[in-house]
Amino acid sequence: MLLASVCASLAFSGALPGAAHAQARVDAQYEATLAGIPIGRGSWTIDIGDDQYSASAFGGTAGLLKAIANSSGTGAAQGRVVNGALVATNYTASTTTSKKTEAIHIVLNNGTVKEYGIDPTPPVDPDRVPVTDAHRKGVFDPMTASLLRVSGTGDPLSPDACRTSAAVFDGRMRYELSLDYKRMSMVKAEKGYYGPAVVCAIYFKPIAGYIPDRPVIKYLSTARNIEVTFVPIPGTRFLVPFRMVVPTPFGTGVLEATQFITQANPKNPKTQ
């Protein structure tokens, strides 16, 4: 589902040159609600080393939705840290429902997709906008794109963090996400982070690999009231989504961290 994909992506990676960053780790847990009703839970682990990084996530339906339509999904990305920027090399994702399981893999080299596939291979839909070779260049995978890097030497938690955009390819669809500053805020997880945050508006623009007549595409591409709240990873210039708010025809959807624990200078991910 596209909405779930966008919520998983949540934002961008401003991969601009800069100094190397200290190693850091994030262990977070999230809860998703719709109109105040719990519908899903998930976890996210991020390791950023001096020269490598990895990120992995797991989520599934919860509450009443689990009884109606049980589903789950995983995602993972690995890559290099080059001049402080995250350069992805591999991305995998899978979703499982009561009807089927689907797996996606992407291999990248400096922002260019070298190989990708979906298993099982989906049927060809003539209404889907074709994805060309040009659409698979200069892109981020959804997992890497969820980490917002702020260039410069000042406080990364500032309005400037929201003034960016990124191209994303998720194995099926190529889209662009843009941010714009809304406000500064304070957030508190049930366990872990308590402190300042920056809130950005998020705008979705489909480019290729989508079916134009699908209601979710039309809704997301015209929505102007979706917002994402970022908090910092100490010792780095990266921000991580803490909360995302998506108004929908069925009520307001919220994805929010209930646990957000950071650790500076853990063991390098390549040795784990």
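Look up a bit, the structure's there.
Asker: Now, about the overall build of the chain: what can you tell me, with residues and values included?
Answerer: Summing up its helical and strand segments, the chain has 3 helices and 15 strands in all. Here the chain holds 272 residues, and 46% of them are scored as buried. For the chain, long-range pairs separated by at least 24 residues make up 61% of all intrachain contacts whose partners lie at least 6 apart in sequence. Carbon and sulfur atoms form 55% of the exposed surface of the chain, whose accessible area is close to 13000 Å².

Asker: Give me the lowdown on the state of the cysteines, citing residues and values where you can.
Answerer: Per the stated rule, a full pass over the model turns up 1 disulfide. Covalent S-S linkage joins C162 and C200, the inter-sulfur distance amounting to 1.9 Å. Disulfide C162 to C200: torsion about the S-S bond roughly -70°, handedness left-handed. Here C162 is found in the loop between β8 (148-149) and β9 (165-169), whereas its partner C200 is found in strand β12 (residues 194-208), with 38 residues between them in sequence. Across this residue pair, the class does not change: C162 and C200 are buried.

Asker: Can you explain the packing of aromatic side chains? Please cite residues and give values.
Answerer: Scanning the model with the defined rule gives 5 aromatic pairs in all. Taking 6.2 Å as the distance between ring centres and 75° as the angle between the ring planes, the aromatic pair formed by Y193 and F260 counts as edge-to-face. Remark: F260 occurs in strand β15 (residues 251-264) and Y193 occurs in the loop between β11 (191-192) and β12; sequence separation between them is 67 residues. You'll find Y193 and F260 in the same group, each marked buried. According to the relative accessible area criterion, F260 is buried, its value standing at 1%. Aromatic rings pair up to connect Y193, F242 and F260 into one cluster. The ring of Y194 has K188 lying over it, and the distance from NZ or CZ to the ring centre is 5.4 Å.

Asker: An account of the pairing of β15 is needed here, citing residue identities and associated values.
Answerer: Successive residues of a regular strand alternate their side chains across the two faces of the sheet. Relative to β15, strand β1 (residues 24-34) runs antiparallel, the two being bridged by 11 bridges. When the sheet's bridge partners are listed, R25 is paired in β15 with Q263. Bridge count between β11 and β15: 2 bridges; the pairing is parallel. By the bridge assignment for β15, K191 is matched with Q259. Sheet analysis places strand β14 (residues 238-248) next to β15, joined by 6 bridges and oriented antiparallel. The partner of R243 across the bridge, within β15, is E256. Here β14 hands over to β15 after 2 residues, the two strands then running antiparallel side by side.

Asker: So, the nonpolar core: which residues are in play, and what are the values?
Answerer: Among the nonpolar cores identified, the biggest contains 36 residues, and W44, I46, V240 and F260 are the most heavily contacted of them. When residues no more than four places from it in sequence are discounted, the contact partners of W44 are V26, D27, A28, Y30, A55, S56, A57, M143, S146, L147, V240 and P241. Residues V168, V198, F204 and I226 belong to the second largest nonpolar core, which totals 27 residues.

Asker: Account for the environment of I202, naming residues and giving values.
Answerer: With respect to the secondary-structure elements, I202 resides in strand β12. The spatial distance from the C-alpha of I202 to the C-alpha of A223 is 8.9 Å, given a sequence separation of 21 residues.

Asker: Before we move on, can you summarise the pairing of strand β3 (residues 52-61) with the specific residues and values?
Answerer: Here strand β2 (residues 37-48) runs beside β3; their pairing, made up of 9 bridges, is antiparallel. The residue of β3 that forms the bridge with W44 is A57. By the bridge criterion, 9 bridges tie β3 to strand β4 (residues 71-82) in an arrangement that is antiparallel. Residue pairing for β4: A55 is matched across the bridge by A77.

Asker: Requested: an account of the pattern of salt bridges, with residues and values cited.
Answerer: Summed over all chains, the structure comprises 10 salt bridges. In this structure, E31 engages R41 in a salt bridge whose closest nitrogen and oxygen atoms are separated by 3.7 Å. Linking E31 in strand β1 with R41 in strand β2, this pair joins segments that are 10 residues apart in sequence. Overall, the relative accessible area of 25% leaves E31 in the partly exposed class. Across the salt bridge formed by D160 and R163, the nearest N and O atoms sit 2.5 Å from each other. We note that D160, like R163, is exposed. Taken together, the salt bridges that share partners define one network made up of R25, D27 and D47.

Rules used throughout
- Residues numbered from 1 in each chain as written.
- Predicted model: local features only at pLDDT ≥ 70, side-chain atom pairs only at ≥ 80, totals over all residues.
- Heavy atoms only, no water.
- Helix = DSSP H or I, 4+ residues; strand = E, 2+ residues; numbered from the N terminus.
- Buried < 20%, exposed > 50% of the residue type's maximum accessible area, 1.4 Å probe, protein only.
- Contact = heavy atoms within 4.5 Å.
- Areas by Shrake-Rupley, 256 points an atom, 1.4 Å probe, with all protein chains shown as cover.
- Disulfide = S-S within 2.5 Å.
- Phe/Tyr/Trp six-rings, centres within 6.5 Å; stacked < 30°, edge-to-face > 60°.
- Lys NZ or Arg CZ within 6 Å of the ring centre and 35° of its normal.
- Pairing = 2+ DSSP bridges.
- Core = buried A, V, L, I, M, F, W, Y, C linked by side-chain atoms within 4.5 Å.
- Salt bridge = Lys/Arg side-chain N within 4 Å of Asp/Glu carboxyl O.

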